[in-house]
Amino acid sequence: MSLHPVTIGGHTLANNLALAPMAGITERPFRRLCRRWGAGLTVSEMIPSGSMLAGDQDALTRADHAGEAPPVAVQIAGGEPGLLAEAARWNAERGAQLIDINLGCPSKTVCKQAAGSALMRDEALVRRILEAVVAAVAVPVTLKMRTGWDREHKNAPAIARMAEELGVAALAVHGRTRADKYKGEAEFATIARVREAVALPLWANGDVREPADAARVLAESGADGVMIGRGAQGRPWLFARVARYLASGEDPGDPPLADQGAAVLAHLDGIEALHGGARGARLARKHLAWYAEGLGAAGTAFRAQVNAAGSVAEQRAAVRDFYLHQRWDAA
């Protein structure tokens, strides 16, 4: 239950805290912000291999990692071994230092394409995918999966053994099945079985919303590290709190409002730089709504103001009012 470095291939991470890849959320600005607040590893949002190779602009934007601290980790998705291998090569040639394969996404759209967590129903196909991707690139290949397809078929330990045999460098496991999606509570007994099955670096993922959750997950799973997903939405500073708690047993709590506001402004700057003003303002609203949850009663007024804002500049003004000047009646 400690804070410590973890090595993946030739890359030694500063600590054992990772940001989980989340579609539409963990794009470059949020990844960079979480690294500044103490995440040892961040991974790109899931990128469909076919769309990326076809030159789809949205997929290419997801793959943009300009200015990120190493190691740069890109997650690819798909169900065809050759296509995934080609996508892995494409990213490695453009600076990706870790290639992560998605076996965890539970969305119906992805699973209908025999990708994401749907792959866990076909271990033979998983084997072909891992063989193809590991052979295609010189950089370490990692794998993120769920505990299984449903509660009667929790085959994460078997896939973990296969991955280790085929040269995968690290694993992350979400403590729910595909059928669970995000319902109920994550369980970590299956991840403990994965820990017993392999010696690879292992991250446990699911339901880490407070520092004490991270300590509990590490204790129950035996994993090397924790991977934080939804708990970090609107709270990139959760990584700093978890790091402090694992190192000393003390939770420093959320940072002062001024520091939170500076983080939100940095996030807005990054979104605007990546997407431009008009599109950036639209995409920023969901992040601002998550930030608003930390403002208590004032969050309702803040959310109303940023939702009405037509530009990133207006959103910045609202952030300054609420976080830096504490003008709670600004809306």
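Structure: see above.
Residues numbered from 1 in each chain as written. Predicted model: local features only at pLDDT ≥ 70, side-chain atom pairs only at ≥ 80, totals over all residues. Heavy atoms only, no water.

Another point: the overall build of the protein chain. When its secondary structure is counted, the protein chain shows 14 helices and eleven strands. For a compact globule of 331 residues, the expected C-alpha radius of gyration is about 20 Å, and the protein chain comes in at 20 Å, within 12% of that figure. Counting the 331 residues in the protein chain, one finds 55% classified as buried. Partitioning the intrachain contacts of the protein chain with sequence separation of at least 6 by distance along the chain shows that 67% fall at a separation of at least 24. If the 38 positive side-chain charges of the protein chain are averaged to one point and the 36 negative ones to another, these points end up 3 Å apart. (Helix = DSSP H or I, 4+ residues; strand = E, 2+ residues; numbered from the N terminus. Rg over C-alpha atoms; globule rule 2.2 N^0.38 Å. Buried < 20%, exposed > 50% of the residue type's maximum accessible area, 1.4 Å probe, protein only. Contact = heavy atoms within 4.5 Å. Lys, Arg positive; Asp, Glu negative; His and termini not counted. Charge placed at Lys NZ, Arg CZ, Asp CG, Glu CD.)

Right, let's get into the environment of R244. Looking at the secondary structure, you find R244 in helix α10 (residues 238–248). The spacing of R244 and R128 is 116 residues in sequence and 41 Å in space, taken between C-alpha atoms. Not counting residues up to four positions away in its chain, the partners in contact with R244 are G249, E250 and P252.

At a closest axis distance of 9 Å, the pairing of helix α12 (residues 277–292) and helix α13 (residues 298–308) adopts a crossing angle of 170°. The angle between the axes of α12 and α13 places the two elements in the roughly antiparallel class. Contact residues: R285, L288, A289 and A292 in α12; G299, F302, R303, V306 and N307 in α13. Of the residues belonging to the contact of α12 with α13, the class tally is five nonpolar, two polar and two charged. (Axes fitted to C-alpha atoms, helices over the stretch in contact; angles between N-to-C directions. Parallel < 35°, antiparallel > 145°, perpendicular 65-115°, else oblique. Nonpolar A, V, L, I, M, F, W, Y, C, P; charged D, E, K, R; others polar.)

With parallel pairing, nine strands are arranged side by side in an open sheet as β4-β3-β11-β10-β9-β8-β7-β6-β5. Only two strands of the sheet have a single partner each, and these edge strands are β4 (41–42) and β5 (47–48). As paired strands, strand β3 (residues 17–19) and strand β11 (residues 225–228) are joined by three bridges and run parallel to one another. Looking at the pairing, L17 lines up with V226 of β11. Helix α6 (residues 123–136) rests against β7 (98–103) and β8 (141–146) of the sheet, and its axis sits at about 170° to β7. (Pairing = 2+ DSSP bridges.)

Our focus in this paragraph is the environment of A118. Its place among the elements puts A118 in the loop between α5 (108–112) and α6. Accessibility expressed as a relative area gives 6% for A118, which makes it buried.

Attention now moves to the side chain of T61. Looking at the element boundaries, T61 is found in helix α3 (residues 57–62). Among all residues touching T61, those that are not within four sequence positions of it are L274 and H275.

Let us look at the side chain of R28. Relative to the helices and strands, R28 resides in helix α1 (residues 28–36). Exposure remark for R28: the relative accessible area of 12% places this residue in the buried category. Apart from the residues lying within four places of it in its own chain, the contact partners of R28 are D64, H65, A66, E68, A273 and L274.

Another point: the pairing of β8. Of all six residues in β8, six are buried, a share of seventy percent or more. When β7 meets β8, the two strands line up parallel, connected through five bridges. Looking at β8, one finds that D100 is bridged to T142. The pairing of β8 with strand β9 (residues 170–174) spans five bridges and is parallel. Paired with K144 across the two strands is A172, which belongs to β9.

Right, let's talk about unusual backbone geometry for a bit. Between P70 and the following residue, P71, the backbone shows a cis peptide bond with an omega angle of 0°. Relative to the helices and strands, P71 resides in the loop between α3 and β6 (73–77). Of note, D207 is a non-glycine position whose phi angle comes to about 65°, a positive value. With respect to the secondary-structure elements, D207 resides in the loop between β10 (202–205) and α9 (211–221). The exposure class of D207 is buried, given its relative accessible area of 14%.

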